[in-house]
Amino acid sequence: GKTLDECLAGSKFSITEVRRIGLGVIDGLAHIHSQGLEHGDLHERNVIVGDGTIKVIDILYRDSLAALSPSSRAARLRRDLTSLRLLLQQVIFHSELGAPQAAELNHRLDSGSRLSDIKTVFLEVTDAANLTDAGKALDNAYARVLDVGFVEGDEYASALSTETGTGLIAALVERIITER
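Now for a quick tour of the structure.

**With respect to empty space enclosed by the protein**
Okay, step 1: One pass over the structure, following the stated rule, counts one cavity of 30 Å³ or more.
Okay, step 2: Partitioning the lining of the largest cavity into residue classes produces one nonpolar, three polar and three charged.

**Brief notes about the sheet that holds strand 3 (residues 54-56)**
Okay, step 1: Overall, antiparallel pairing links the three strands, which are arranged 1-2-3 in an open sheet. Either end of the sheet is taken by a strand with one partner, and the two such strands are strand 1 (2-3) and strand 3.
Okay, step 2: Pairing geometry for strand 1 and strand 2 (residues 47-49), over two bridges, is antiparallel. Note on strand 2: the bridge partner recorded for T3 is I48.
Okay, step 3: Across the sheet, helix 2 (residues 15-34) is in contact with strand 2 and strand 3; its angle to strand 3 comes to roughly 35°.

**Regarding the packing of helix 4 (residues 98-108) against helix 5 (residues 115-125)**
Okay, step 1: Between helix 4 and helix 5, the shortest axis-to-axis distance is 10 Å and the interhelical angle comes to 150°. The angle between helix 4 and helix 5 places the two elements in the roughly antiparallel class. Between helix 4 and helix 5 lies a crossing of right-handed hand. For the pair formed by helix 4 and helix 5, the contact residues are Q101, E104, L105 and R108 on the first element and V121, F122, E124 and V125 on the second.
Okay, step 2: Across the contact of helix 4 with helix 5, the residue classes tally to four nonpolar, one polar and three charged.

**Focus on the pattern of salt bridges**
Okay, step 1: Counted by the stated rule, this structure contains eight salt bridges.
Okay, step 2: For E17, the salt bridge identified is with R20, shortest N-O distance 2.9 Å. Of the two residues, E17 and R20 are both situated in helix 2; the distance of three residues between them amounts to about one turn of the helix.
Okay, step 3: Classification of R20 by relative accessible area gives partly exposed; the value is 26%.
Okay, step 4: With a closest N to O distance of 3.7 Å, E44 and R45 form a salt bridge.
Okay, step 5: On the basis of relative accessibility, which here comes to 15%, the residue E44 falls in the buried class.
Okay, step 6: On the basis of relative accessible area, R45 is assigned to the partly exposed category, the value being 46%.
Okay, step 7: A network of salt bridges, in which partner residues are shared, links E38, R76 and R79.

Here is what the cut-offs are and how they apply
Residues numbered from 1 in each chain as written. Predicted model: local features only at pLDDT ≥ 70, side-chain atom pairs only at ≥ 80, totals over all residues. Heavy atoms only, no water. 1 Å grid on protein atoms, 1.4 Å probe; cavity = no way out; pocket = protein on both sides within 12 Å on 5 of 7 lines; lining within 4 Å. Points joined across faces, edges and corners; volume = space filled by probe spheres on them. Nonpolar A, V, L, I, M, F, W, Y, C, P; charged D, E, K, R; others polar. Pairing = 2+ DSSP bridges. Helix = DSSP H or I, 4+ residues; strand = E, 2+ residues; numbered from the N terminus. Contact = heavy atoms within 4.5 Å. Axes fitted to C-alpha atoms, helices over the stretch in contact; angles between N-to-C directions. Parallel < 35°, antiparallel > 145°, perpendicular 65-115°, else oblique. Left-handed = near helix turned anticlockwise from the far one by under 90°. Salt bridge = Lys/Arg side-chain N within 4 Å of Asp/Glu carboxyl O. Buried < 20%, exposed > 50% of the residue type's maximum accessible area, 1.4 Å probe, protein only.

Here is the structure:
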């Protein structure tokens with residue numbers, strides 16, 4: 001397969017592909033943790049995307065988590081979960097779901113979120129049934145327009161145009177005029 005980093009440099013992922021990659025990484029990290037280990041270096045170059053598999057590679061093996069103090073163990077697991085959240089946001093952002101759904105994942109989780117929480121929110125955020133509702137899609141596109149720190153000028157317009165489905169553009173412009 002290819003590294004996730006290489007895949008992120010290619011065409012946008014479909015919702016199906018986002019879910020396959022995301023769940024593969026979540027399940028891979030869950031397996032690592034179930035073995036009493038931490039990954040310690042989870043990022044897009046340490047995920048292999050194959051035709052039928054997703055593999056989490058290059059685990060930094062130092063100590064088993066059992067050998068650590070409870071606070072040290074918790075800190076290492078939190079670091080893995082923070083890395084997982086960032087990785088999932090990248091995957092969602094690089095898909096037809098785009099920035100609004102990546103932001104929703106982030107907003108619905110906090111630093112105390114457990115792996116099961118991350119999986120639940122990821123599944124909800126990437127559920128195609130939730131996204132087919134035109135109102136929700138319009139809300140997501142409008143939220144992106146209001147994203148002050150995104151980019152400016154022509155670059156902003158180009159990026160927003162890329163992320164917004166052509167069927168939503170007229171409704172989005174109407175909403176901008178009405179609400180602003």
